[in-house]
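# Residue-level structural notes
Letter by letter, the chains look like this.
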Amino acid sequence: MSSSPLATSLDVELRPDSPAVVRAGSPGDAASWAAEHRESLRAQVTEHGALVVRGLELRDADQAGAVIAGLAGGLMAEREAFAPREPLGSGLYSSTAWPANQPMCMHHELSYALEVPGLMLFACLTPPAEGGATAVADAEEVLKALPAGLTEKFEREGWLLTRSYNDEIGSSLAESFGTEDRAEIERYCRSHAIDLHWQPDGSLRTEQRRSAVVRHPLTGRRCWFNQIAFLNEWTLAPEVREYLVDEYGADGLPFNTRYGDGTPIGEDVVQALNATYEKHTRREPWQAGDLLLVDNIRTAHSREPFTGERRVVVGMAEPRRLADGSPTPEASER
């Protein structure tokens, strides 16, 4: 355990298998404490990519929302969600609805959108009985560790997210776009570089091509920034994938990822991506009242399987349009 040189008024614990941890010491007013230490806390996130703040004793969404708003300022409204969340007011959401026994592998939130959150904030109101950590991985280190030939291909071509909206699995049109009006959805898609196709049954399929590697807007360092593995069919549990393919067909899965040229990504590639993430994973089990701040561009995060009740609320902040976030066909041909 050691302390960071930036920690002038904070005692920061650094361990190789965990994100940095700051102990708040049970302040009487969590929002006031967070506001007082805002600059120091944000400096730690910049330095380490992720930071757990322990001891704030956050107990409800209103209290967590006040702390999060004080640290982040205005929060983003989520668009293009892949799974439902419960809106809790003022830009605060429940964690994504996802089966407790299924992991959510490493990813960068909304990395398929043109406007991405630069900062993610998570508050644990009720920790799970077992598991359920929101683990993190350094995207710079992951990029360095991946096979050069693989990252060069993705850097050259980008990656493609395909989505098929239905009424059973994943977010509805209203949850993703904020409306069910076709004209409004079409306008949104045109302005956000999303190709869309209305199907004969009235359902919607979309495709969007994004960069797999970006430069961090503050540090300029290259980061592996995407949801290629998380949203790919081969990351799904085998029985889940089999059911979805039987139900919707191989080309009609609720979501899937491909190389930027549209060709399928092999199971071996997805396994290699997830194995590399695992080697670089740092985790700190949730304790009641914890707050986790994550630099969403430098740092991937996951949600591990769990048992028992788990209540985590989420805020997304600092919207950024990355200059290299959306590759062009011309760039891939050079």
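Residues numbered from 1 in each chain as written. Predicted model: local features only at pLDDT ≥ 70, side-chain atom pairs only at ≥ 80, totals over all residues. Heavy atoms only, no water.

Moving on: the environment of Pro147. Structurally, Pro147 can be placed in the loop between α4 (139-145) and α5 (148-157). With 37 residues separating them in the primary sequence, Pro147 and Leu110 have C-alpha atoms 24 Å apart. (Helix = DSSP H or I, 4+ residues; strand = E, 2+ residues; numbered from the N terminus.)

A few words on the confidence of the model for the chain. One rule of thumb: low pLDDT means the predicted coordinates there are not for detailed reading. Within the chain, residue pLDDT values average 92, and 95% of them lie at 70 or more. Note that pLDDT drops below 50 for residues 1-8; the model gives that stretch 19 contacts with residues more than four away or on any other chain. Note that pLDDT drops below 50 for residues 329-334; the model gives that stretch 4 contacts with residues more than four away or on any other chain. (pLDDT = per-residue confidence, 0-100. Contact = heavy atoms within 4.5 Å.)

Turning our eyes to something else, we now look at the sheet that holds strand β10 (residues 159-164). Spatially, β11-β12-β10-β15 is the arrangement adopted by the 4 strands of the open sheet, whose pairing is antiparallel. With partners counted over all chains shown, the strands left at the sheet margins are β11 (195-198) and β15 (255-259), one partner each. Within the sheet, the average angular offset between the axes of one strand and its neighbour, ignoring direction, is 15°. α5 rests against β10, β12 (204-210) and β15 of the sheet, and its axis sits at about 100° to β15. Seen against the sheet, helix α7 (residues 182-191) touches β11 and β12 and runs at an angle of roughly 155° to β11. (Pairing = 2+ DSSP bridges. Axes fitted to C-alpha atoms, helices over the stretch in contact; angles between N-to-C directions.)

So, about the nonpolar core. Counting residues in hydrophobic clusters, the biggest one holds 48 residues, and the most contacted among them are Phe82, Phe122, Phe154, Trp224, Ile228, Leu273 and Tyr277. Of the residues forming this core, the biggest block, 4 residues, is contributed by helix α9 (residues 267-279). When near neighbours in sequence (up to four residues on either side) are disregarded, Phe122 contacts Thr134, Trp286, Asp290, Leu291, Leu292, Val294, His301, Val312, Val313 and Val314. In this structure, Leu41, Leu58, Ala64 and Ile68 belong to the second largest nonpolar core, which totals 29 residues. (Core = buried A, V, L, I, M, F, W, Y, C linked by side-chain atoms within 4.5 Å. Buried < 20%, exposed > 50% of the residue type's maximum accessible area, 1.4 Å probe, protein only.)

A few words on the packing of aromatic side chains. Throughout the structure, instances matching the rule amount to 9 aromatic pairs. Arranged with centres 5.2 Å apart and planes meeting at 85°, the rings of Phe82 and Phe230 form a pair that is edge-to-face. One end of the pair, Phe82, is in the loop between α3 (61-72) and β4 (87-89); the other, Phe230, is in the loop between β14 (222-224) and α8 (238-248), and 148 residues separate them in sequence. Comparing Phe82 with Phe230, the two get one shared label, buried. When the ring of Phe177 is compared with that of Tyr188, the centres are 5.6 Å apart and the planes differ by 70°; the resulting orientation is edge-to-face. Taken together, the positions of Phe177 in helix α6 (residues 173-177) and Tyr188 in helix α7 put the pair 11 residues apart, joining distant regions of the chain. With a relative accessible area of 7%, Phe177 lands in the buried category. Taken together, Phe82, Trp98, Phe230 and Phe255 form an aromatic cluster joined through their ring pairs. Seen from the ring of Tyr259, Lys153 lies directly overhead, with NZ or CZ sitting 4.5 Å from the centre. (Phe/Tyr/Trp six-rings, centres within 6.5 Å; stacked < 30°, edge-to-face > 60°. Lys NZ or Arg CZ within 6 Å of the ring centre and 35° of its normal.)

As a further point, take the pattern of salt bridges. Counted under the stated rule, the structure contains 22 salt bridges. Across the salt bridge formed by Glu109 and Arg85, the nearest N and O atoms sit 2.7 Å from each other. Residue Glu109 is found in the loop between β6 (104-107) and β7 (116-126), and its partner Arg85 is found in the loop between α3 and β4; the two are separated by 24 residues along the sequence. A single burial state applies to Glu109 and to Arg85, both of which are buried. For Asp251, the salt bridge identified is with Arg258, shortest N-O distance 3.6 Å. (Salt bridge = Lys/Arg side-chain N within 4 Å of Asp/Glu carboxyl O.)

Another point: the packing of helix α2 (residues 38-48) against α3. For any two helices packed against each other, one specifies the inter-axial angle together with the distance between the axes. One can describe the packing of α2 onto α3 by two numbers: an axis separation of 10 Å at closest approach and a directional angle of 75°. In terms of orientation, α2 lies roughly perpendicular with respect to α3. Together, Arg38, Leu41 and Arg42 of α2 and Gly70, Leu71 and Ala72 of α3 make up the contact between the two elements. Residue composition of the contact of α2 with α3, by class: 3 nonpolar, 1 polar and 2 charged. (Parallel < 35°, antiparallel > 145°, perpendicular 65-115°, else oblique. Nonpolar A, V, L, I, M, F, W, Y, C, P; charged D, E, K, R; others polar.)

On to the sheet that holds strand β9 (residues 136-138), then. The 4 strands lie next to each other as β6-β18-β9-β16, forming an open sheet whose pairing is antiparallel. Every other strand in the sheet has two partners, leaving β6 and β16 (281-282) as the edge strands with one partner each.

This next bit is on the pairing of strand β2 (residues 20-23). Bridge analysis of strand β1 (residues 12-13) against β2 gives 2 bridges, and the strand direction is antiparallel. If you follow Val12 over to β2, its bridge partner there is Val22. Hairpin remark: β1 followed by β2, antiparallel, with 6 residues in the connecting loop. Sheet analysis places β2 next to strand β3 (residues 50-54), joined by 4 bridges and oriented parallel. Its bridge partner being in β3, Ala20 is matched across the sheet by Leu51.

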